[in-house]
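# Chains, contacts and geometry: an overview
Chain by chain, the residues run as shown.
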Amino acid sequence: MNKMLITLGLLWPGLALAALPEWQYTVRPGDTLTSVAARYMSSASDWQKLQQYNNIADPRRLPPSGKLRIPYNWLRQQPASADVSAVSGKVELAVAGQTPRPLNKGEQLKVGSEVRTSTNSSAALIFADGSRVVIQPDSVLKLDTVSIYAGGAMVDTRVRLNRGRTEVFANPLKRAGNRLEVITPSAIAAVRGTVFRVSTDAENVMRQETLEGQVGVVASAAEVAVGKAMGTLAEEGKAPMAPMALPPAPTLSGLPARLEHYPLDFETPQQSGVQNWFGQIAQDEKFETIVAQADTSLTGGKLRFSDLPDGRYVLRLRGVNDKGLQGLDGLHVFEVDAHPLPPVVDVYEQIKEVFTRNISPRLTWRTSEEAEKYRVQVSADRTFSKDVTEQIVSAAWLDIDPTQHRGERYWRVASIAGNGEQGPYSLLRHFEYRITPPAPAIQSSKIELDDRELRVAMPSLQAGEQYLVTFARGKAFEEVLWQGKLDGVLFKTAKPAPGAYFFAAQVVNSEGVAGELALFPVEIAK
């Protein structure tokens, strides 16, 4: 298996990990080789080895602020543990010989412990030197070495990332000599103090993104320096790719600060060099408690998340380039206030339902499991600032009073839980209630017939109304002889041939609504 070396800052061309076994001790006033050996080395008698290794003539006279090189394997060593500082979601702890069990915040993990995170789950570990490793969702990380050398003067930590992704905040106190390694199936990231990401996929491709400091990546006798805001990848058996700039942090000022409906959708920006967007949601800015993650590969540029409890969250969004390298983070704080869940309405604002005088205006919705009652609002405008009426009901429907809601109206409904808490309103629905004119009393019309024409004088109309008339042969209107709107109340047509005819009329009001149909027979004698 090809191994890769990643080191911070200065690069040592051609060196393997074994070539970095030394701790450098800074001499303090009064130090002697025997006192240093007694304080830090496995055996106090090793001072002679230390003298020879550093070419020191007088073991009792050491120059203050000078450097002593001490191989790691000469130092006094004691095992340390990793503290579990955060757990979110489903995270398991696996130890050889034991049944895997849930991992709990506050536990101390020893060497050999394996942490397994599930989807939308994460865990954070704090090591002896303050280094922090955040294990991302769908990842497996094992503690290979957790050791303190020389009574705490140096910390050596090695973790093995077998699957997934981790974020490393190494040696935050910048103590000389501390070392942290992240081992993957095809790479080793060894650092002294920096912030970076490492991931490994099913094909053993290692991707590394430097957020602070500088990292050296060595593989297949080739070496590259990866500075801040740069990234590289290394396929197994191949040299690392030349470092490339990571996508810059996106601007997220246009994202919503409050979301009330599921799914939780965030529109992603257009950004040069970004082929996909990757987002995570956490309860804290440090992203130790990741509760959801998603990308835009299947959603057409929209970042979509499912159900989250009400509360405050932080979204971090980063672009992904064509090499799969993830860019710098943009952060956005938002609030979810979507519970109790609003009822689902089947017809949205874009589709207007029309009720007429013969159809009772009944507003309906699907029941919500979180609702005991519902608050329904009806308004003359979509902003609910005009002619608003409100009712609380227990059923999933409401019959409204048509005398109060003639014309176009908007309505919405919200769930009310058993404890009285009201959730957000549903999406808007839109309806129109039209008062249809009654059937005209055309039976009282005056009918006149002479040698030239047939005339029907119908009852008078209200201002703005018209008659819509149909005159046809046969009760089934087999042959329509005349049809249209009248200018006035007098219908005239050429004298029809003898036979059975029918005359039908409707009133069309000023809103263009046609009323009920009135029909009566007309017999033309021979």
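Here is what the cut-offs are and how they apply
Residues numbered from 1 in each chain as written. Predicted model: local features only at pLDDT ≥ 70, side-chain atom pairs only at ≥ 80, totals over all residues. Heavy atoms only, no water. Helix = DSSP H or I, 4+ residues; strand = E, 2+ residues; numbered from the N terminus. Rg over C-alpha atoms; globule rule 2.2 N^0.38 Å. Buried < 20%, exposed > 50% of the residue type's maximum accessible area, 1.4 Å probe, protein only. Contact = heavy atoms within 4.5 Å. Areas by Shrake-Rupley, 256 points an atom, 1.4 Å probe, with all protein chains shown as cover. Lys, Arg positive; Asp, Glu negative; His and termini not counted. Charge placed at Lys NZ, Arg CZ, Asp CG, Glu CD. pLDDT = per-residue confidence, 0-100. Pairing = 2+ DSSP bridges. Axes fitted to C-alpha atoms, helices over the stretch in contact; angles between N-to-C directions. Salt bridge = Lys/Arg side-chain N within 4 Å of Asp/Glu carboxyl O. Left-handed = near helix turned anticlockwise from the far one by under 90°. Nonpolar A, V, L, I, M, F, W, Y, C, P; charged D, E, K, R; others polar. Polar contact = N/O pair within 3.5 Å; in protein donor to acceptor, adjacent residues only side chain to side chain. Arc of directions from axis to C-beta. Phe/Tyr/Trp six-rings, centres within 6.5 Å; stacked < 30°, edge-to-face > 60°. Lys NZ or Arg CZ within 6 Å of the ring centre and 35° of its normal.

### Comments concerning the overall build of the protein chain
The secondary structure content of the protein chain amounts to 2 helices and 43 strands. Taken over the C-alpha trace, the protein chain has a radius of gyration of 40 Å; the compact-globule value for 526 residues is 24 Å, which it surpasses by more than 25%. Here the C-alpha coordinates of the protein chain stretch approximately 145 × 50 × 40 Å along the principal axes. In the protein chain, buried positions account for 48% of the 526 residues. Taking the intrachain contacts of the protein chain between residues at least 6 apart in sequence as the baseline, contacts between residues at least 24 apart amount to 59%. Counting every atom, the protein chain has about 25400 Å² of accessible surface; 49% of that belongs to carbon and sulfur. The protein chain carries 58 positive and 59 negative side-chain charges, and their two centres are separated by 6 Å.

### Examining the confidence of the model for the protein chain
Considering every residue of the protein chain, the mean pLDDT works out to 87; 93% of them sit at 70 or more. Within the protein chain, no element has a lower average pLDDT than strand β1 (residues 5–8), which sits at 42, and none a higher one than strand β9 (residues 114–117), at 98. Considering only residues more than four positions removed or in separate chains, one finds that residues 1–20, a stretch of pLDDT under 50, has 66 contacts.

### Thoughts on the environment of V480
Within the secondary structure layout, V480 lies in strand β40 (residues 479–485). Here the alpha-carbon distance between V480 and Y433, two residues 47 residues apart in the chain, equals 32 Å. Ignoring anything within four residues of it in the chain, the contact list for V480 reads T470, F471 and A472.

### Observations regarding the sheet that holds strand β42 (residues 499–508)
Sheet strands associate in pairs through backbone hydrogen bonding, adopting either a parallel or an antiparallel arrangement. Across the sheet, 4 strands lie side by side as β40-β39-β42-β43; this open sheet has antiparallel pairing. If you trace the sheet from one side to the other, it starts and ends with β40 and β43 (518–524), each paired once. Along the sheet, successive strands turn relative to each other by an average axial angle of 20°, direction set aside. Two elements, strand β39 (residues 466–473) and β40, share 6 bridges in a ladder whose sense is antiparallel. Bridged to R473 within β40 is E479.

### Topic: the sheet that holds strand β37 (residues 446–449)
As summarised here, the arrangement of the 3 strands in space is β37-β38-β41, forming an open sheet in which the pairing is antiparallel. In this open sheet, the two edge strands, each paired with only one partner strand, are β37 and β41 (490–494). When strand polarity is set aside, the average angle formed by the axes of neighbouring strands in this sheet is 10°. Two elements, β37 and strand β38 (residues 453–457), share 4 bridges in a ladder whose sense is antiparallel.

### A short note on the pattern of salt bridges
Enumeration over the complete set of coordinates arrives at 34 salt bridges. Between R160 and D144 there is a salt bridge, with its nearest N and O atoms 2.7 Å apart. On the criterion of sequence distance, the pair formed by R160 in strand β13 (residues 154–169) and D144 in strand β12 (residues 140–149) is long-range, its members being 16 residues apart. In this structure, R179 engages D156 in a salt bridge whose closest nitrogen and oxygen atoms are separated by 3.3 Å. Here R179, found in strand β14 (residues 179–184), pairs with D156, found in strand β13; they are 23 residues apart in sequence, far enough to count as distant. As far as the burial class goes, R179 and D156 line up, both buried. Connected through salt bridges with shared partners, the residues R165, E167, R197, E209, R316, R318 and D329 form a single ionic network.

### Some points on the packing of helix α1 (residues 33–40) against helix α2 (residues 47–54)
Direction vectors running N to C along α1 and α2 enclose 115°, while the axes themselves pass 9 Å from each other. In the crossing of α1 with α2, the sense of the turn from one axis to the other is right-handed. Contacts from L33, T34, V36 and A37 in α1 reach W47, L50 and Q51 in α2. Tallied by class, residues from the contact of α1 with α2 come to 5 nonpolar, 2 polar and no charged.

### Examining the side chain of T232
Residue position: T232 is located in strand β20 (residues 230–234). On the accessibility criterion, T232 (0% relative accessible area) is buried. Polar contacts involving the side chain of T232 include one to the main-chain carbonyl oxygen of M241, which spans 2.6 Å. Sequence-distant contacts of T232, defined by excluding residues within four places in its chain, comprise M206, R207, Q208, V217, V226, P240, M241 and L325.

### Points about α1
All of the buried residues in α1 are L33, V36, A37 and Y40. Buried residues of α1, viewed axially, fall in a sector of 100°; they line one side. In the core, the buried residues of α1 are packed alongside β2 (22–26), α2 and β3 (67–71).

### Overview of the packing of aromatic side chains
By convention here, two paired aromatic rings are described through the distance between centres and the angle between planes. Scanning all chains against the criterion turns up 15 aromatic pairs. Between Y313 and F334, the aromatic rings sit 5.9 Å apart at their centres with planes inclined by 25°, giving stacked as the arrangement. Here Y313 is found in strand β27 (residues 311–320), whereas its partner F334 is found in strand β28 (residues 330–336), with 21 residues between them in sequence. By relative accessible area, which is 2% here, F334 ends up buried. Within the aromatic cluster, the residues linked to one another by ring pairs are F471, W482, F491, Y501, F503 and F520. Directly above the aromatic system of Y425 lies the positively charged group of R412, at a separation of 4.1 Å from the ring centroid.

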